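The primary structure of each chain is shown beneath.
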Amino acid sequence: MSAPENDPAHFLKIASQGAGISTHQDLWRWLQGDVQQWLQHDVMLVGWGDFRTSALHFDIISSQPGMRSHDWTLHALAPLISYFRDCWIAAQQQPCELDVGACANLVADARRNAFALDKIPCMSRALVHGIAGSRHGSERIFAAVSREPFTRRGAGTALKLLLPFMDSAMRRMPSAPSRIGQGDTAQADAARLAALSGRERQIMGWVAMGKTNPEIGSILSISEFTVKNHLKNIFCKLDVSNRAQAVSTLSLLVAHA
């Protein structure tokens, strides 16, 4: 198979398919279809959030038994996702190929599903790339994991070209299925809620009432610019992109607290 940059017609075909993805099932079909001709892999592991505070989320897209999102917990995968991210940073934010077997010990605490844990050593290599976060945004790390080494020329370039379509699709689709252990979900929700400062919660209270940034600034005796910066931090902590999503997400977190 030729390198992707040498087959623009095929890339446009794949890109047009990727642009229409709206569900996890669609994404799975896309990754298992023509994408395999460029980027042959068994598992696509995606992690995102604030890597400084370990406020992370993940998704797994795969046909392998024991390698679904609901088979794993964030506690089990966070060290591995963080390791992939650190390697990507060390590679100057360029695609990098890693030995999965050498880092299998990072998920050694995943004893809640021994069947899933056994799948990690069966994997050989991971091709990792990411999307750098904005000043107040979250990073996203994509790891194409395979049982065999990546022998096809241009695999790194393929991941680099396909990543924006995967990222866009995942931002559009609903949340991944529930993971093992509702306690882990509850702890994650509690951590997201606790991450908001008193001032940020105060601002969200006024946002929920429909107040604008200038109005909130006037009420709290702070500048509109300060309100805007607080909202950027809130969006990052809640992993949302607008005021309506922030209000909805915060309401759910408070309801489940």
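This one's a predicted model, so the numbers in the text were calculated from it and none came from an experiment.

Caption draft 1: Examining the packing of helix α1 (residues 8-19) against helix α7 (residues 155-172) more closely. Running from amino to carboxyl end, α1 crosses α7 at an angle of 10°, the nearest separation of the two axes being 9 Å. With respect to each other, α1 and α7 are oriented roughly parallel. Residues Phe-11, Ile-14, Ala-15, Gly-18 and Ala-19 of α1 touch α7, and the partners they reach there are Leu-161, Leu-162, Phe-165 and Arg-172. A breakdown of the residues in the contact of α1 with α7 according to their chemical character gives seven nonpolar, one polar and one charged.

Caption draft 2: A look at the packing of helix α2 (residues 24-32) against α7. Running from N to C, α2 and α7 cross one another at 165°; their axes reach a closest spacing of 10 Å. As the angle between them shows, α2 and α7 are arranged roughly antiparallel. Crossing geometry of α2 relative to α7 is assigned as left-handed. Only Leu-162, Phe-165, Met-166 and Met-170 of α7 make contact with α2, whose side of the interface consists of Leu-27, Trp-30 and Leu-31. Of the residues assigned to the contact of α2 with α7, the class counts are seven nonpolar, no polar and no charged.

Caption draft 3: How the structure looks around α2. When we look at burial in α2, the residues that qualify are Leu-27, Trp-30 and Leu-31. The buried side chains of α2 occupy one side of the element, clustering within an arc of 95° when seen end-on.

The rules behind these values
- What you see as residue numbers is a count from 1 along each chain, following the sequence as written.
- The model is predicted, so local features are restricted to residues of pLDDT at least 70 and side-chain atom pairs to those at 80 or more, both for listing and for counting; the totals for chains, interfaces and linings are taken over all residues.
- With hydrogens and water stripped out, all remaining heavy atoms of the structure feed into the side-chain values.
- Simply put, an axis is a line fit to the C-alpha atoms, just over the touching stretch for a helix, and the angle between two N-to-C directions goes from 0 to 180 degrees.
- Counting from the N terminus, the helices are the DSSP runs of H or I reaching at least four residues and the strands are the DSSP runs of E reaching at least two.
- Here roughly perpendicular refers to angles of 65 to 115 degrees, roughly parallel to angles under 35, roughly antiparallel to angles over 145, and oblique to all remaining angles.
- Working rule for contacts: check all heavy atoms of both residues, and any pair within 4.5 Å makes them a contact.
- Note that Gly is not counted as nonpolar here; it falls among the polar residues with everything else outside the nonpolar set of Ala, Val, Leu, Ile, Met, Phe, Trp, Tyr, Cys and Pro and the charged set of Asp, Glu, Lys and Arg.
- We call a crossing left-handed when the near helix sits turned anticlockwise from the far one by less than a right angle, and right-handed when that turn is clockwise.
- Accessibility here uses a 1.4 Å probe with only protein chains present; expressed as a share of the type maximum, an area under 20% marks a residue as buried, one over 50% as exposed, and anything in between as partly exposed.
- Here, the arc refers to the directions that run from the helix axis to the C-beta atoms.

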